[in-house]
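Chain residues, written in single-letter form:
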Amino acid sequence: MSEKKSTKIRKIAFWPAFILLFGSLVYSIVDKTGFYAMASAANTWVLDNLGWTYSLTSFLCLVAIVIAYFSPLGNVTLGGKNAKPILSKASWATITLCTAMAAGALFWGIVEPIYHMADPPVGIEPNSWESAKFAMETMVLHWSIHPYALYTLPVIAFAFAFFNMRKPFSVTSQLSVITDKFHIKTGDRNLFPQILDTILLFAMGLGILGVICTGTLNMGGALKEITGIQSKDTAWLIILTVLTICFITSSVSGIHKGIKLLSNMNVVVYIVLLATMFFLGPTAFMIDGTVEAVGGTLSDLPEKLLTTGAYASDPWAKNWTVFYAGSWGSWAPISACFLARLGVGYKVKDLIKINFGIPILFNIVWSGIFSNLAINYQLSGKLDLINILNTEGAEATIYAIFREMPGAQIIIILFFVALLLSMITAMDPTTNSIAALSTTGISPEKQEAPVYLKVMWGVMFAVLSYIMLTIAGIDGIKMVSNLGGLPNIFIILGGIICVLFIAGNVDKYNIVDRKTKTEEKNCERETEKE
């Protein structure tokens, strides 16, 4: 009886989000043109009127993370000083890296710099060395510091609230200081957290579409190169079916089986790919370009994070940097609920190193190799990638580069495996978190959601992704993904406030350690009496 009760669906959190996503699916099928027009108008309004909040939030996340690391909060052990880790640091790092990286860096790591060379911001000549330098600096920003600042801050806020303040498994817990201040009830059956969770579940549903669709397009391109099957409806259906079965199976198996094993395999494939590209590509150019780009990015970091294009009336910033903040924001608060679980038994400093430091370094290396490879081919004239991008599409650009390299077929197969594993390791924890937020009874002791909820959400996302692929294309996918970030950005802003308050007075909020100290004192008194 207690087991049934512990896994009861949170009706207000689950059903509105599920119905809204299902309604979006039906609407997109019945009226594709109307659905696309509505989403496009909403996306334009958000970018024009609220895009600045995305840029500001990214910058403030970075500031708050640095403060948390060097404050007393950094030395707090998640779960209390007696808590034991559930993973080694190596396994924790691989799962975290694969969860956040997804297939995005594999796709955009090669294609995005060519977009920036072809159509840079106002004042930079297209297809020039200036545009190449700008493109590589932008890759360092977009795929290291920018996303992981947005990902890590909610992880800190949720991990401390869940493990050390004993708050419920709800996104609302990331706002624990604020909700406590205003005496808002945050139990998993209370109204406010359920309303907030259903809004964010819907928002993340939109964000997930962008990741699944991008990965499917990329795998479709690889499948075409390997088998000759065109990257169209049938191929996408096959890929999504296989992908869905794999990530649901992995999610059902739990953290210590599926996701741990797949993440370890995934990182090995990443390293093999990186080493292959590094030694077969323009090695010296890759090293020189990366060093210069990192220096350029760090020297102008605040300006790059906060740019909006307002003075030049230039849409570049909103189409890229601001868009990415919205896209990653759509994932951050809910993926934090999974990533935070992995850090129990470790210090907050370790959490920041694993969720922020290691991924940034890895993705700088990744962009340094793959992005510089594409830039070098374009600058040297070895391939006209801008023309390929404009005439054949984004995924064709990737495989045009691979075909120029020795052992092209092996590289493409390896790339396909990396894409498949990346998608599974991203969707497994996402499905897990969404299912967990849909039910009651999730606690530090019992962290797995019911299997049927994981299956239900997994199938829903796969079907929605297939519809989006067939009606919207890459621009529509980016647009819908960006819309998912709007409500989440305000949650992240609230999380920043909470982390800063906690960092300023850790003892006040660290209920678990305070309770442990009280128990130890009581035990000492009892011993003295004896």
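Model, not experiment: these values are computed from the prediction.

### Considering the overall build of the protein
- A count of helical and extended segments in the protein gives 23 helices and zero strands.
- Here the C-alpha radius of gyration of the protein, 23 Å, is about what a compact globule of 530 residues would show, namely 24 Å.
- Counting every position in the protein, which comprises 530 residues, the buried fraction comes to 60%.
- Within the protein, contacts between residues at least 6 apart in sequence are counted, and of these 83% link residues at least 24 apart.
- Just so you have it, the protein exposes about 20500 Å², and 65% of that area is on carbon and sulfur atoms.

### Side note on the side chain of H146
- Examined against the element boundaries, H146 turns out to sit in helix α6 (residues 129–164).
- Residue class for H146 comes out buried when judged on its relative accessible area of 1%.
- Excluding residues within four positions of it along the chain, H146 makes contact with S58, L141, L305, T321, Y324, A325 and W328.

### Observations concerning the packing of aromatic side chains
- Counted by the stated rule, this structure contains 31 aromatic pairs.
- For the ring pair W108 and Y115, a centre distance of 6.0 Å and an interplane angle of 45° mean the geometry is tilted.
- Aromatic side chains F278 and F279 sit 5.3 Å apart centroid to centroid with 75° between the ring planes, which places their arrangement in the edge-to-face category.
- Classification of F279 by relative accessible area gives exposed; the value is 65%.

### Structural notes on the packing of α6 against helix α11 (residues 283–299)
- Between α6 and α11, the least distance of the axes is 8 Å, while the angle of their chain directions is 70°. What the angle tells us is that α6 and α11 run roughly perpendicular. Contacts between α6 and α11 involve K133, M136, E137, V140, L141 and I145 from the first element and G289, E292, A293, V294, G296, T297 and L298 from the second.
- Across the contact of α6 with α11, the residue classes break down as seven nonpolar, three polar and three charged.

### Overview of a nonpolar patch on the surface
- Nonpolar side chains collect at one region of the surface, where V252, V451, V455, V459 and V463 lie side by side and expose about 320 Å² of accessible area between them.
- With four residues, the top contributor of residues to the nonpolar patch is helix α19 (residues 451–471).
- As for its position among the elements, V463 is in helix α19.
- With a relative accessible area of 37%, V463 lands in the partly exposed category.

### A closer look at the pattern of salt bridges
- Under the counting rule described, the total for this entry stands at seven salt bridges.
- Ionic pairing is found between E137 and K133, a salt bridge with its closest N-O pair at 2.5 Å. Residue E137 and its partner K133 are both found in helix α6; the two are separated by four residues, about one turn of the helix.
- In this structure K133 comes out as partly exposed when scored by relative accessible area, which is 32%.
- Across the pair E225 and R403 runs a salt bridge whose closest N-O atoms are separated by 2.6 Å. Of the two residues, E225 is situated in helix α8 (residues 191–227) and R403 in helix α17 (residues 394–403); the sequence distance between them amounts to 178 residues.
- A relative accessible area of 23% means that E225 is categorised as partly exposed.
- Three or more residues are tied together by salt bridges with common partners; here these are K133, E137 and K304.

### A look at the environment of M219
- Turning to its location among the elements, M219 is positioned in helix α8.
- It is 29 Å that separates the C-alpha atoms of M219 and K133, two residues lying 86 residues apart in sequence.
- Excluding its chain neighbours within four sequence positions, the residues that come into contact with M219 are I239, L243, F416, L419, L420 and M423.

### Details of the side chain of T198
- Counting through the fold element by element, T198 comes out in helix α8.
- We classify T198 as buried; its relative accessible area is 10%.
- Discounting residues that sit within four places of it in the chain, T198 has contacts with I12, A13, P16 and A17.

### Some words on the confidence of the model for the protein
- On average, residues of the protein score 87 in pLDDT, and 92% of them are at 70 or above.
- Segment residues 1–5: pLDDT under 50, and three contacts once partners within four positions in sequence are set aside and those in other chains are kept.

### Section: unusual backbone geometry
- If you check the backbone angles, H183 has positive phi at about 55° while not being a glycine.
- Turning to its location among the elements, H183 is positioned in the loop between α7 (176–181) and α8.
- Despite not being glycine, S313 shows a phi value in the positive range, around 50°.
- Position of S313 relative to the elements: it lies in the loop between α12 (301–306) and α13 (316–319).

### Some words on α11
- Look at α11: 25 Å from first C-alpha to last across 17 residues, which is about the 24 Å you get at 1.5 Å a residue.
- Of the residues making up α11, those classed as buried are M286, G289, T290, A293, G296 and T297. Around the axis of α11, the buried residues are gathered within 140° of arc, so they sit on the same side. Those residues of α11 that are exposed and aimed more than 90 degrees away from the buried face are A284, D288, V291, L298 and S299.

### Thoughts on the nonpolar core
- Ranked by size, the top nonpolar core spans 179 residues in total, and within it L73, I156, W366, F370, F402, F415 and W457 carry the most contacts.
- Ranked by residues supplied to this core, first place goes to α6 with 23 residues.

### Remarks on the packing of α8 against helix α18 (residues 408–437)
- Put simply, α8 and α18 touch, their axes get as near as 10 Å, and they point 165° apart. Relative to α18, α8 is oriented roughly antiparallel. Crossing hand, α8 versus α18: left-handed.

### Quick word on helix α16 (residues 385–392)
- L385, I386, I388 and L389 are the residues of α16 that are buried. Each buried residue of α16 lies within a common arc of 165° when the element is viewed along its axis, so the set occupies one face. Opposite the packed face of α16, turned more than 90 degrees from it, sit the exposed residues N390 and T391.
- If you follow the buried residues of α16, they end up packed against α5 (104–118), α15 (348–380) and α17.
- G393 lies just past α16 and shows a positive phi near 105°.

### A look at empty space enclosed by the protein
- Taken as a whole, this structure holds four cavities of 30 Å³ or more when the rule is applied.
- By volume, the second largest cavity is sized at about 60 Å³.
- In terms of lining residues, the second largest cavity is bounded by L21, S24, L25, S28, F35, L206, L209, L464, I467 and M468.
- Sorting the residues of the lining of the second largest cavity by element identifies α2 (11–30), α8 and α19 as the ones contributing at least two each.
- The biggest single contributor to the lining of the second largest cavity is α2, with four residues.
- Class assignment of the residues belonging to the lining of the second largest cavity gives a composition of eight nonpolar, two polar and no charged.

Rules of the game
- Residues numbered from 1 in each chain as written.
- Predicted model: local features only at pLDDT ≥ 70, side-chain atom pairs only at ≥ 80, totals over all residues.
- Heavy atoms only, no water.
- Helix = DSSP H or I, 4+ residues; strand = E, 2+ residues; numbered from the N terminus.
- Rg over C-alpha atoms; globule rule 2.2 N^0.38 Å.
- Buried < 20%, exposed > 50% of the residue type's maximum accessible area, 1.4 Å probe, protein only.
- Contact = heavy atoms within 4.5 Å.
- Areas by Shrake-Rupley, 256 points an atom, 1.4 Å probe, with all protein chains shown as cover.
- Phe/Tyr/Trp six-rings, centres within 6.5 Å; stacked < 30°, edge-to-face > 60°.
- Axes fitted to C-alpha atoms, helices over the stretch in contact; angles between N-to-C directions.
- Parallel < 35°, antiparallel > 145°, perpendicular 65-115°, else oblique.
- Nonpolar A, V, L, I, M, F, W, Y, C, P; charged D, E, K, R; others polar.
- Patch = residues over 30% accessible without salt bridge, like charges linked within 9 Å, V, L, I, M, F, W, Y side chains within 5 Å.
- Salt bridge = Lys/Arg side-chain N within 4 Å of Asp/Glu carboxyl O.
- pLDDT = per-residue confidence, 0-100.
- Expected span 1.5 Å × (residues − 1).
- Arc of directions from axis to C-beta.
- Core = buried A, V, L, I, M, F, W, Y, C linked by side-chain atoms within 4.5 Å.
- Left-handed = near helix turned anticlockwise from the far one by under 90°.
- 1 Å grid on protein atoms, 1.4 Å probe; cavity = no way out; pocket = protein on both sides within 12 Å on 5 of 7 lines; lining within 4 Å.
- Points joined across faces, edges and corners; volume = space filled by probe spheres on them.

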